[in-house]
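Chain by chain, the residues run as shown.
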Amino acid sequence: MGEAGQTASVRTTCPYCGVGCGLLAEVKSDGSVAVRGDPEHPANFGRLCSKGSALGETVGLDGRLLAPTIHGRRASWGEALDLVATTFAKAIEEHGPDSVAFYVSGQLLTEDYYVANKLMKGFIGSANIDTNSRLCMSSAVAGHKRAFGSDTVPGTYADLELADLVVLVGSNLAWCHPVIYQRLAAAKQKRPEMRIVVVDPRRTMTADIGDLHLPLRADGDCALFNGLLASLSESGSLDCAYIDAHTTGFDAALAAASVSDLAETAALTGLSPDGLRAFYKLFATTQKTVTVYSQGVNQSSSGTDKVNAIINCHLATGRIGRPGMGPFSITGQPNAMGGREVGGLANMLAAHMDIENAEHRARVQNFWGAPRVAEKPGLKAIDVFRAVADGRIKAIWIMATNPVDSMPDAGAVEEALNACPFVVVSDVLANTDTMRCAHVALPAAAWGEKDGTVTNSERRVSRQRAFLRAPGKARPDWAIIAEVARRMGFGGAFAYEAPAEIFAEHAALSALENDGARDLDLGAFAATNAAEYEALKPFQWPQPSRDGAPAETRFFSDGRFFTPDRKGRFIPVSAKPETRITEDFPLVLNTGRVRDHWHTMTRTGKSPRLSQHLAEPFCEIHPADAATHRIEPADLVTVRSPHGEIVVRALVSPRQAQGSLFAPMHWNDQFAAMARVDTLVPAITDPVSGQPASKHVAARVARFEAARFGFAVQREKPKKLDAEYWAIAPCVDGWRVELAFASAERNWTAFAVALFGVGAGGGALSYVDRETGQLRFAAFRGDRLVGALFLAAAPVAVSRSWAVDQLSADFADHRARIAVVAGRPGKGLVEKGATVCSCFAVGAKQIAAAVMSGCVTVEAVGQVLQAGTNCGSCRSEIKGIIDANRLEAAE
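Residues numbered from 1 in each chain as written. Predicted model: local features only at pLDDT ≥ 70, side-chain atom pairs only at ≥ 80, totals over all residues. Heavy atoms only, no water.

1. Notes on the overall build of the chain
So, point 1. Assigned secondary structure in the chain consists of 29 helices and 34 strands.
So, point 2. In terms of C-alpha radius of gyration, the chain reaches 27 Å, essentially the compact-globule figure of 29 Å for 891 residues.
So, point 3. For the chain, the spread of C-alpha atoms along the principal axes amounts to about 80 × 70 × 55 Å.
So, point 4. Here the chain, with 891 residues, has 63% of them falling under the buried criterion.
So, point 5. In the chain, the share of contacts with a sequence separation of at least 24, taken over all contacts with a separation of at least 6, comes to 71%.
So, point 6. By element, 51% of the accessible surface of the chain is carried by carbon and sulfur atoms, the whole surface being about 31,400 Å². (Helix = DSSP H or I, 4+ residues; strand = E, 2+ residues; numbered from the N terminus. Rg over C-alpha atoms; globule rule 2.2 N^0.38 Å. Buried < 20%, exposed > 50% of the residue type's maximum accessible area, 1.4 Å probe, protein only. Contact = heavy atoms within 4.5 Å. Areas by Shrake-Rupley, 256 points an atom, 1.4 Å probe, with all protein chains shown as cover.)

Written out as C-alpha cells, the structure reads:
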C-alpha cells in the first residue's frame, strides 16, 4: 500500500461529516493521493464536497506525531503503554473505577469505539467514557429515546428527494452537509413544485434554495413547533386514527402546545404571523413531509425538547417511516452513529442496550466475559472535565479529539487538564492545543492508514480502507487500546489481531437475544471473516440475516415502536425560550461551522485549497449592529462573553440577524493569536441529554484598536509572531499571514527580516511612506519570492489572491519585483479575487468578469469557469455575484 507505482483505486469512506460519502482513493507514482467520489456508493453516487475533494492535500506527514512521547521526550511503545496501564490501574486500585475516564470521538472507527467502550464499561467497570458526539447529536439521541423507545433514525436520504415538503431546521445543509444539499437541490430542479422551508436565525447559503425562510429567534424552536401542533389540531389536519392506534400522550402534548396563540407564538419566535401561517399551512396540506434537523436544534439547553416538538408533529400526522415522510436527524461527524451503536456515550450500553437495565447488563457482561459491567451512567462530557478540575478524575485518556478547543468553557478545560495528575492523548498531530496538556502522547494512524467501519446518518455502514502505510510508529486506535487492556490483565478478552474480528464481535452482540426487540441488529455479519470484511459493501441496518435483506430500510411504517407498549410517545414541551442577554452582554452569539473547514482544522488546516475561502477567524455582524458599535467592514473586533474574549475579523453582512453574532468554531492557537471561540461559551447544558448550548451565548462586541495592520505571504511557516493579532493559513507554495499591532513604533524592517528569516540586504526591496504609514518589504532568493510584508494604518488593501500567487511566480525580471513592492498586479495582469469556488480555485473577480462578458446564470458561469460544478456549495455565492453585477450595470 502506498508504494511507488501503485495506481489501483481503493474504495473507502470520507472522514468528515455524517453524510458518509464513498470515495475512490488512488496513490500516484509520485506518492501523491488523488481522491474522487465513488459513483456506486448509495450515499453520494459520486458527488463530493470541497473538503472531500481536497483530501489528497491533507495526508502529508508535516506535523505528524510519529512516535510515543512521555513528558515530551521520545519513548518506545512498550514504555509508554506500560506507563498508561500501570497509572490507570493504580488510580483504580486507590480511588475506584470512577477515578479514570476516556474522552473519545466521532472520528474513531466503530472498531476503535467498540474496544474502548468494552474496556471502560466491562473491565474497568465504570461508565466514564464519553465522546465529542455529546456536543453535536446527544439531544437527538435523547429525543429519539423518549419518543420511540430507541435511538432510531427512521428514514433515509432518499426521503428528502421523495418529499413534497422539506423543512430544514437549524441546518446549514449547503455548507455542513453539502452532498445532501446537492441531492436536495437536484430533486427540486427535477420537481420545481417541491417546497423547501429553511428555519434558521441567519440567512445562510442554504436559505437561498428555500421557498420560505423563517429567521427564528434563538431557541424559539419549541414555540414554533408547539404552534404547529396546535395549528394542525385547529385546522383538522391530525391523523386521529394513527394517534389512537399507535401513540400515547397526545392530550398532554396538545395542551402544552395550545398555551400560546398565534400572536404569542410570533412574539416567542420573532417571526411574523404571516410567516407562521404560511409555514403551518404548507405543513398541514403536504402529506409527504420530511423535517431535517441538526446542530441548530441539538446544541441548546432545550435541545431534547426541540427534537420532541418536531417529532410530535410527525406523530400527530402519521408522517413517519414511509417514503418521503419523517423527522430526520443529520449528524455532524463521520461516525457519531457508529459510536452510538457500540455505547460510546456515558449513558448507553453496547448494541443500543440500556445501562440501567439489569437484564441488558447481564447479557453484555456474559457475552464479554467481563468481571464487572458499569451499573449506572457515567459522567457526560461537561461533567468529565469538571471532575478532572475538582480532582475526582485522576487519569484521563483523550482519543482523536481536541477538547481544549471544542468544549464549552474551553479555558477551564485547559486549566483542568494542566492540573490533572495524568493525561494521555492519542492523536495524529504532534501539536494541538490539547496535546500540549499531555503527559503521554500516543501516535495514532490517520485516515487512509487504518481499516474499519463507519455508520452515516441514514444508518448505512461503510468501510474505511487503508491505502497508505502508517508512518513512523503510528498504530490504529483499537490496537493501542487493546494493548493497554492486555497490560492491565484483561488479555483474553482483547486478543484481537485485526479489525474484522472486532466487527464480527460487535455484530454478534447486536443480534444477541434480539429477535426484533431492538432496532440495531447486525446479525448477518456475526461470522464475518477477514476476506468478507475486506469485500464488505455499504449496507443499512437492521440486517438480521443476509437472506433477502432490503437495500433500503425504514422504521415505524407499521406503527410499532420500541417502547414497552410498542407505541410512539408524545412529549409535552415548554414553548418559552430562556433569555440570556443582559445590559452588559446585549447580543446573542451563535457558533458553528464554515464551508471549507472542519472541527479544529487538524486536517483541513493542512490544505491550501480549503484555507483560501475564509482564511482567518471572523465574526459575522448585521450592518445595523456594526454601525451601533462603530465597526467597519474588515475591522478587527473583540468579542466578549462573561467567560472569555476573542479577537477576530468583522464580516458585516445583512445575512446575519440583527441583535445576533456568528463566529465559527474552527480556529485555535495553532492558527490564530486569540480565536478559540469556545472560550466564550458557558457550560450550560440540556438537562436530559447533557449537550451544551453552543448557539445561544450572551456576548458583546467592540472594535479592536490597532495602530498598524499587516499582511504577509511567505514561503516558510511562521514560527513565532510578535503581534497582538495574527492569523495564518497555508497557501500554494507557502503561507499567508494577517497581522495587527498595538503600536506603530517599531523597527519594521527588522520585523520583516525576522519574519522571513533573511538578511536585510541582498535580495530585499522596500518602500516606506512615512506620511501614510505604509511600508512594503519583499525578500527574494534567486528568482523566487521568500516573503512580502505589507503594512498600513488601516486594514491592508492588497489583493490576497494576487499576493499568494507571487509565491509561485518567477522573478528573474527586476520589474516584476517592483510590482510586488508596489502591492498590485503589473500592467495587463488579471487577479482572481477572493476565492469563491474552492474545488476549482475560482475567485470573485473572475466570476464578475464572466458575468460582465455575458454569463448571467450560475450554469453559464460554470460552463466558462467550472465554478459551482463540483460540490455546489458555492452556487449561492456565485448567484450573489451575478445579482450584484447585474444591479450595478443597471444603475
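2. As for the pattern of salt bridges
So, point 1. In the structure shown here, the tally under the stated rule is 58 salt bridges.
So, point 2. For the salt bridge of Arg363 with Glu359, the shortest nitrogen-to-oxygen distance reads 3.1 Å. Of the two residues, Arg363 and Glu359 both sit in helix H16 (residues 358-368), 4 residues apart, roughly one turn of that helix.
So, point 3. Classification of Glu359 by relative accessible area gives exposed; the value is 52%.
So, point 4. Residue Arg436 is joined to Asp433 by a salt bridge in which the shortest nitrogen-to-oxygen separation is 3.3 Å.
So, point 5. Take Asp433: its relative accessible area is 0%, and that puts it in the buried class. (Salt bridge = Lys/Arg side-chain N within 4 Å of Asp/Glu carboxyl O.)

3. Some words on the sheet that holds strand S31 (residues 774-781)
So, point 1. Strands sit in the order S28-S29-S27-S32-S31-S30 across an open sheet of 6 strands; the sheet is antiparallel. Strands with a single pairing partner mark the edges of an open sheet, and in this sheet they are strand S28 (725-731) and strand S30 (764-769). For this sheet, the mean inter-axis angle between neighbouring strands, taken without regard to orientation, is 10°.
So, point 2. Both strand S27 (residues 708-714) and strand S32 (residues 784-792) contribute to a ladder of 6 bridges, which runs antiparallel. When the bridges of S32 are listed, Ala712 appears paired with Leu789.
So, point 3. Where helix H24 (residues 748-756) meets the sheet, its contacts fall on S27, strand S29 (734-741), S31 and S32, and the angle it forms with S32 comes to roughly 140°. (Pairing = 2+ DSSP bridges. Axes fitted to C-alpha atoms, helices over the stretch in contact; angles between N-to-C directions.)

4. As for the side chain of His360
So, point 1. Looking at the secondary structure, you find His360 in helix H16.
So, point 2. Setting aside its immediate chain neighbours within four residues, His360 contacts Leu349, Met353 and Asp354.

5. Thoughts on the confidence of the model for the chain
So, point 1. Scored by pLDDT, the chain comes out at a mean of 95, with 97% of its residues at no less than 70.
So, point 2. Within the model, the stretch residues 1-6 combines pLDDT values under 50 with 15 contacts to residues more than four positions away or in other chains. (pLDDT = per-residue confidence, 0-100.)

6. Here we look at the sheet that holds strand S1 (residues 10-13)
So, point 1. Pairing is antiparallel across the open sheet formed by 3 strands, whose spatial order is S1-S2-S3. Across the chains shown, the open sheet's two edge strands, defined by having one partner strand only, are S1 and strand S3 (33-37). Each strand axis lies, on average, 35° off the axis of its neighbour in the sheet, ignoring direction.
So, point 2. Sheet topology note: the strand S2 (residues 22-27)/S3 ladder contains 5 bridges and is antiparallel.

7. Brief notes about the packing of aromatic side chains
So, point 1. Across all of its chains, the model carries 33 aromatic pairs by this definition.
So, point 2. What links up through ring pairs into an aromatic cluster is the set Phe148, Trp541, Phe555, Phe556, Phe561 and Phe562.
So, point 3. Here the guanidinium or amino end of Arg202 rests over the ring plane of Phe662, the centre of that ring lying 3.7 Å away.
So, point 4. Taking NZ or CZ as reference, Arg800 lies 4.3 Å from the ring centre of Phe711, over its face. (Phe/Tyr/Trp six-rings, centres within 6.5 Å; stacked < 30°, edge-to-face > 60°. Lys NZ or Arg CZ within 6 Å of the ring centre and 35° of its normal.)

8. Focus on the packing of helix H8 (residues 221-234) against helix H11 (residues 262-269)
So, point 1. Here H8 crosses H11 at 160°, and the two axes come no closer than 8 Å. For the element pair H8 / H11, the angle class is roughly antiparallel. With respect to the hand of their crossing, H8 and H11 are arranged in left-handed fashion. From H8, Ala223, Leu224 and Gly227 reach across to H11, where they touch Thr265, Leu268 and Thr269.
So, point 2. Split by residue class, the contact of H8 with H11 holds 3 nonpolar, 3 polar and no charged. (Parallel < 35°, antiparallel > 145°, perpendicular 65-115°, else oblique. Left-handed = near helix turned anticlockwise from the far one by under 90°. Nonpolar A, V, L, I, M, F, W, Y, C, P; charged D, E, K, R; others polar.)

9. Points about the pairing of strand S16 (residues 440-443)
So, point 1. Of the two faces of S16, both are covered, the one formed by Val440 and Leu442 as well as the one formed by Ala441 and Pro443.
So, point 2. Taken together, the 2 bridges between strand S4 (residues 69-70) and S16 define a ladder with antiparallel strand orientation. Across the sheet, Thr69 pairs through a bridge with Ala441, a residue of S16.
So, point 3. Two elements, strand S15 (residues 422-427) and S16, share 4 bridges in a ladder whose sense is parallel. Bridge pairing in S16 links Val424 to Val440.

10. Some points on the packing of helix H3 (residues 110-124) against helix H20 (residues 477-490)
Between two packed helices, what matters for the description is the angle formed by their axes and the separation of those axes.
So, point 1. It is at 8 Å that the axes of H3 and H20 come closest, and there the two elements cross at 20°. With respect to H20, the axis of H3 lies roughly parallel. Both H3 and H20 take part in a crossing whose hand is left-handed. The segment H3 lies against H20, with Glu111, Asp112, Val115, Ala116, Leu119, Phe123 and Ile124 engaging Asp477, Trp478, Ile481, Ala482, Ala485, Met488 and Phe490.
So, point 2. Residue classes in the contact of H3 with H20 are distributed as 11 nonpolar, no polar and 3 charged.

11. Here's the deal with helix H4 (residues 138-148)
In an α-helix, one turn spans 3.6 residues; hence positions three or four apart end up facing the same way.
So, point 1. Within H4, 9 of the 11 residues are buried, which leaves the element mostly enclosed by the surrounding structure.
So, point 2. For H4, every residue scored as buried is listed here: Ser138, Ser139, Ala140, Val141, Ala142, Gly143, His144, Ala147 and Phe148.
So, point 3. Tucked inside the fold, the buried residues of H4 contact strand S12 (289-293), helix H13 (295-298), helix H14 (303-317), strand S13 (326-329), helix H15 (336-342) and strand S20 (568-569).
So, point 4. Where H4 ends, the next residue or the one after it, Gly149, has phi of about 80°, a positive value.

12. Some words on the state of the cysteines
So, point 1. Scanning the entire structure with this criterion turns up 0 disulfides.
So, point 2. The closest cysteine sulfur to the non-disulfide-bonded Cys313 is located on Cys222, 11 Å from its own sulfur.
So, point 3. We classify Cys313 as buried; its relative accessible area is 0%.
So, point 4. Note on Cys874: no disulfide assigned, nearest cysteine sulfur contributed by Cys837 at a separation of 4.1 Å. (Disulfide = S-S within 2.5 Å.)

13. Concerning H20
So, point 1. Along its 14 residues, H20 runs just 17 Å from first to last C-alpha, ending more than 12% under the 20 Å computed at 1.5 Å per residue.
So, point 2. For H20, the buried fraction is high: 11 of the 14 residues fall into the buried class.
So, point 3. The inward-facing, buried residues of H20 contact helix H2 (77-95), H3, strand S14 (395-399), S15, S16 and helix H21 (499-511). (Expected span 1.5 Å × (residues − 1).)

14. What to know about the nonpolar core
So, point 1. Core analysis: the biggest nonpolar cluster contains 116 residues, and Phe88, Phe102, Phe279, Trp397 and Phe494 have the highest contact counts within it.
So, point 2. Contacts of Trp397, omitting those with residues within four sequence positions, involve Val84, Phe88, Ala101, Phe102, Tyr103, Val424, Ser426, Leu442, Ile480, Ile481 and Val484.
So, point 3. Grouped together as the second largest cluster of nonpolar side chains are 73 residues, Ile646, Phe780, Val796 and Ala803 included. (Core = buried A, V, L, I, M, F, W, Y, C linked by side-chain atoms within 4.5 Å.)

15. Section: the environment of Ala657
So, point 1. Along the chain, the position of Ala657 falls in the loop between strand S24 (644-652) and strand S25 (660-664).
So, point 2. Along the sequence, Ala657 and Ala624 sit 33 residues apart, while their C-alpha atoms lie 9.7 Å from each other.
So, point 3. Apart from the residues within four sequence positions on either side, Ala657 is in contact with Pro201, His622 and Asp625.

16. Some words on the pairing of strand S6 (residues 100-104)
So, point 1. The buried fraction of S6 amounts to 5 of the 5 residues, a majority that puts the element mostly inside the structure.
So, point 2. In S6, alternate side chains face the same way, and those of Val100, Phe102 and Val104 on one face and Ala101 and Tyr103 on the other are all buried.
So, point 3. Inspection of the sheet shows S6 paired to S14 by 4 bridges, in the parallel sense. In the sheet register, Phe102 faces S14, and the bridge partner there is Trp397.

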